[in-house]
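Residue strings, one per chain:
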Amino acid sequence: MNILLLGSGGREHSIAWAVAQNPACDNLMAAPGNAGISKIAKCANLDIADGDAVAGFCKGNAVDFVIIGPEGPLAAGVADRLRDAGISVFGPSASAARLESSKRFAKEICQIANAPTARYAHFNDRDAAREHVQNEAIPIVVKADGLAAGKGVVVANTVSEALAAIDDIFDGRFGDAGSEVVIEEFMTGQEASFFVICDGTNALPLGSAQDHKRVGEGDIGPNTGGMGAYSPAPAVTEDVSRKVMEEIVNPTLKVMHDRGTPYQGVLYAGLMIESGDPRLVEYNVRFGDPECQVLMMRLGAQALDLMHAVAEGRLNETRVNWADDHALTVVMAAKGYPGSYGKGSVIRGLKKCPEDNFNMVFHAGTKEENGKTVAYGGRVLNLTGRGSTLREAAARAYALAEHINWAEGFHRNDIGWRALGR
Ligand code: AMP
Ligand code: GLY
């Protein structure tokens with residue numbers, strides 16, 4: 001199979017790493033890729049949100065199967081364009097991707113599906129939204145409706161914070177994402193990420209993970225894209241997993257199917273679990289980053305078989321073979337992230353890192369320049385370990401950090417602390 005992978009993050013490096021191990025992968029291409037991906041795939045410069053450009057590349061390079069990593073191309077309809085051209089693709093249609101690209105849409109689907117989630121109201125009008133929050137309990141959650149790269153959500157602890165968040169959204173701080181606001185009840189509990197693959201009709205749970213969204217140790221400070229993750233998530237017990245499938249995921253997928261927008265791809269359910277009962281925080285229509293890195297580390301080569309079965313609608317013939325293992329990843333980010341940070345610093349020591357099924361450094365914001373690996377993003381490396389216990393996985397991930405010599409970077413030293421303390 002000739003395979004094209006779209007994306008350039010740690011998520012996509014881990015997918016490339018897993019896919020390349022599968023004998024069914026004859027030739028792996030990626031766009032745009034990064035320094036890590038370029039070691040296992042041929043990287044092409046391509047506007048991945050342009051369906052015609054991607055379809056043209058596929059024709060020119062005899063691509064049989066496309067894996068779409070990030071939400072941008074999905075929301076832009078790249079999967080639709082490829083399917084129309086007869087190309088097999090892993091990733092939902094633009095209509096199905098609205099589960100992530102419109103928070104209001106996701107809420108409406110949950111309502112029809114009777115899936116447990118926070119109570120909500122939505123507004124296109126600033127004054128109506130401002131009036132609403134004055135009458136609601138605090139804390140309250142204010143969300144821009146559309147894609148805002150994870151930055152469109154404010155958990156407001158006071159009414160004035162909520163009002164400021166509403167103003168930010170209607171003042172256009174999130175561009176197109178800001179013409180509408182969703183205001184939600186604040187849920188308490190433990191957060192976890194739950195992943196399901198679906199071929200439009202059949203669904204298989206793919207596993208759970210927990211990520212650390214805050215930049216600082218002890219889970220404090222500003223939100224980031226994720227500073228580390230581990231899988232499985234202890235909060236997602238077998239009973240919780242069954243409830244998530246029965247009460248949230250399956251009813252959602254049925255509604256999506258029945259309304260003529262069947263869901264094909266990976267569905268990422270962000271959960272809040274309290275007293276063993278899961279509620280949905282949000283849906284994403286892609287793998288989480290860095291959650292994907294720990295899932296791929298555990299799945300290995302079978303990830304390709306699963307994704308291809310999704311694309312071909314034969315998930316009913318497939319199963320996920322889980323080992324009784326754990327994986328943990330530590331993000332190395334550029335100093336300053338998630339605020340402003342420098343670019344162009346050289347990362348040394350990568351060659352000393354072992355690369356096998358227990359230890360991997362997945363690249364995110366890296367480039368190869370004159371034979372050197374250079375940082376050019378906020379989140380730059382994902383030091384990933386696998387082991388028979390979470391402690392072993394964590395030890396491997398942190399041992400990788402010992403090899404890396406990059407003064408302009410930082411990482412958290414406490415990834416997995418809650419689960420490790422259990
Ligand atoms: P989202 O982008 O919707 O996942 O929101 C980002 C983060 O905000 C989540 O990971 C939660 O920590 C928090 N959050 C979002 N919605 C709620 C809610 N209704 N109750 C409590 N926390 C929430
Ligand atoms: N790590 C959170 C996300 O990918 O949305």
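Asker: Please clarify how the state of the cysteines should be interpreted in this entry.
Answerer: One way to say it: the disulfide is the covalent bond shared by the sulfur atoms of two cysteines. Tallied over the full model, the rule gives zero disulfides. Take Cys 110: it sits in no disulfide, and the sulfur closest to it among the cysteines is that of Cys 198, at 15 Å. Of the residues examined, Cys 110 reaches a relative accessible area of 3% and is grouped as buried. Among the residues examined, Cys 198 registers a relative accessible area of 1% and is labelled buried.

Asker: Explanation requested: the site of ligand 2 in the structure shown.
Answerer: As a matter of local geometry, ligand 2 sits amid Asp 211, Gly 225, Tyr 268, Arg 286, Gly 288, Asp 289, Pro 290 and Glu 291. At a separation of 2.8 Å, a nitrogen atom of ligand 2 approaches a polar side-chain atom of Asp 211. Take Asp 289: an N or O atom from its main chain is 2.9 Å from an oxygen atom of ligand 2. Starting from 200 Å² of accessible surface for ligand 2 in isolation, the protein chains cover 87%. A per-class count over the shell around ligand 2 returns two nonpolar, two polar and four charged.

Asker: Would you take a moment to explain the environment of Val 215 for this structure?
Answerer: Here Val 215 shows up in strand E12 (residues 214–216). As for Val 215 and Met 227, which are separated by twelve residues in sequence, their C-alpha atoms are 6.3 Å apart.

Asker: Hey, could you run me through the pairing of strand E21 (residues 372–375) in this one?
Answerer: Residues in a regular strand project their side chains so that they alternate between the two faces of the sheet. Strand direction decides the pairing type here: strand E18 (residues 346–347) and E21, joined by two bridges, are antiparallel. Following the sheet pairing, Ile 347 is matched in E21 by Thr 373.

Asker: Just checking my understanding: could you explain the sheet that holds strand E20 (residues 366–369) for this structure?
Answerer: Hydrogen bonds between backbone groups are what pair the strands of a sheet, and the pairing can be parallel or antiparallel. Spatial ordering of the open sheet is given by E18-E21-E20, a layout of three strands whose pairing is antiparallel. Here the strands that pair on one side only, and so sit at the sheet edges, are E18 and E20. Bridge count between E20 and E21: four bridges; the pairing is antiparallel. Bridging from a neighbouring strand, Thr 366 pairs with Ala 375 of E21.

Asker: What am I meant to see in the environment of Ser 208 here?
Answerer: Along the chain, Ser 208 turns up in strand E11 (residues 203–211). Separated by 86 residues in sequence, Ser 208 and Val 294 place their C-alpha atoms 9.6 Å apart. Sequence-distant contacts of Ser 208, that is, excluding residues within four places in its chain, are made with Ser 193, Tyr 230, Ser 231, Pro 232, Ala 233, Val 236 and Leu 295. A polar atom in the side chain of Ser 208 sits 2.9 Å from the backbone nitrogen of Ala 233.

Asker: What am I meant to see in unusual backbone geometry here?
Answerer: Outside of glycine, negative phi angles account for most residues, and trans bonds account for most peptide bonds. Following Ala 31, the chain continues to Pro 32 via a peptide bond in cis, the omega torsion being -10 degrees. Mapped onto the fold, Pro 32 is located in strand E2 (residues 27–32). Positive phi values are uncommon outside glycine, yet Asp 219 reaches one of about 60 degrees. Backbone geometry places Asn 370, a non-glycine residue, at a positive phi of 50 degrees. Relative to the elements of secondary structure, Asn 370 occurs in the loop between E20 and E21. The exposure class assigned to Asn 370 is exposed, which follows from its relative accessible area of 82%.

Asker: How should I be thinking about the side chain of Gln 210 in this particular structure?
Answerer: Along the polypeptide, Gln 210 turns up in strand E11. Taking the relative accessible area as the measure of exposure, Gln 210 reaches 6% and is therefore buried. Polar contacts involving the side chain of Gln 210 include one to the main-chain carbonyl oxygen of Glu 191, which spans 2.6 Å. With near-sequence residues (within four places) excluded, Gln 210 lies in contact with Gln 190, Glu 191, Ala 192, Gly 228, Ala 229, Tyr 230, Ala 233, Pro 234 and Ala 235.

Asker: Could you clarify how one ought to interpret a nonpolar patch on the surface in this entry?
Answerer: Taken together, the side chains of Val 153, Val 155 and Phe 186 make up a nonpolar region of the molecular surface, amounting to roughly 210 Å² of accessible area. By the element assignment, Phe 186 lies in the loop between strand E9 (181–185) and strand E10 (190–199).

Asker: Explain the environment of Ser 93 to me, please; I cannot follow it from the model alone.
Answerer: Along the chain, Ser 93 turns up in the loop between strand E5 (88–90) and helix H5 (94–101). Distance from Ser 93 to Pro 73, taken between C-alpha atoms, is 9.9 Å for residues 20 residues apart in sequence. The residues contacting Ser 93, other than those within four sequence positions of it, are Leu 74, Asp 80 and Arg 83.

Asker: What is the right way to look at helix H12 (residues 390–403) in this model?
Answerer: Since there are 3.6 residues in each turn of an α-helix, residues three or four apart along the chain are aligned in direction. Compared with an ideal rise of 1.5 Å per residue, which puts 14 residues at 20 Å, H12 spans 21 Å between its outermost C-alpha atoms and is within 8% of the ideal. Buried positions along H12 lie against strand E14 (228–231), strand E17 (326–334), strand E19 (359–363), strand E22 (379–387) and helix H13 (417–421).

Asker: Quick question: what am I supposed to make of the sheet that holds E9 here?
Answerer: With antiparallel pairing, the four strands of this open sheet are ordered in space as E6-E9-E7-E8. Taken across any chain shown, the strands that pair with only one partner, and hence form the sheet edges, are strand E6 (120–123) and strand E8 (153–156). Geometrically, the sheet is characterised by an average inter-axis angle of 20 degrees between neighbouring strands, direction not taken into account. As judged from the five bridges shared by strand E7 (residues 140–144) and E9, these two strands associate in the antiparallel manner. Counterpart to Val 142 in the pairing with E9 is Ile 183.

Criteria and thresholds
- Residues numbered from 1 in each chain as written.
- Chains lettered and ligands numbered in written order.
- Predicted model: local features only at pLDDT ≥ 70, side-chain atom pairs only at ≥ 80, totals over all residues.
- Heavy atoms only, no water.
- Disulfide = S-S within 2.5 Å.
- Buried < 20%, exposed > 50% of the residue type's maximum accessible area, 1.4 Å probe, protein only.
- Near = heavy atom within 4 Å.
- Polar contact = N/O pair within 3.5 Å; in protein donor to acceptor, adjacent residues only side chain to side chain.
- Areas by Shrake-Rupley, 256 points an atom, 1.4 Å probe, with all protein chains shown as cover.
- Nonpolar A, V, L, I, M, F, W, Y, C, P; charged D, E, K, R; others polar.
- Helix = DSSP H or I, 4+ residues; strand = E, 2+ residues; numbered from the N terminus.
- Pairing = 2+ DSSP bridges.
- Contact = heavy atoms within 4.5 Å.
- Patch = residues over 30% accessible without salt bridge, like charges linked within 9 Å, V, L, I, M, F, W, Y side chains within 5 Å.
- Salt bridge = Lys/Arg side-chain N within 4 Å of Asp/Glu carboxyl O.
- Expected span 1.5 Å × (residues − 1).
- Axes fitted to C-alpha atoms, helices over the stretch in contact; angles between N-to-C directions.

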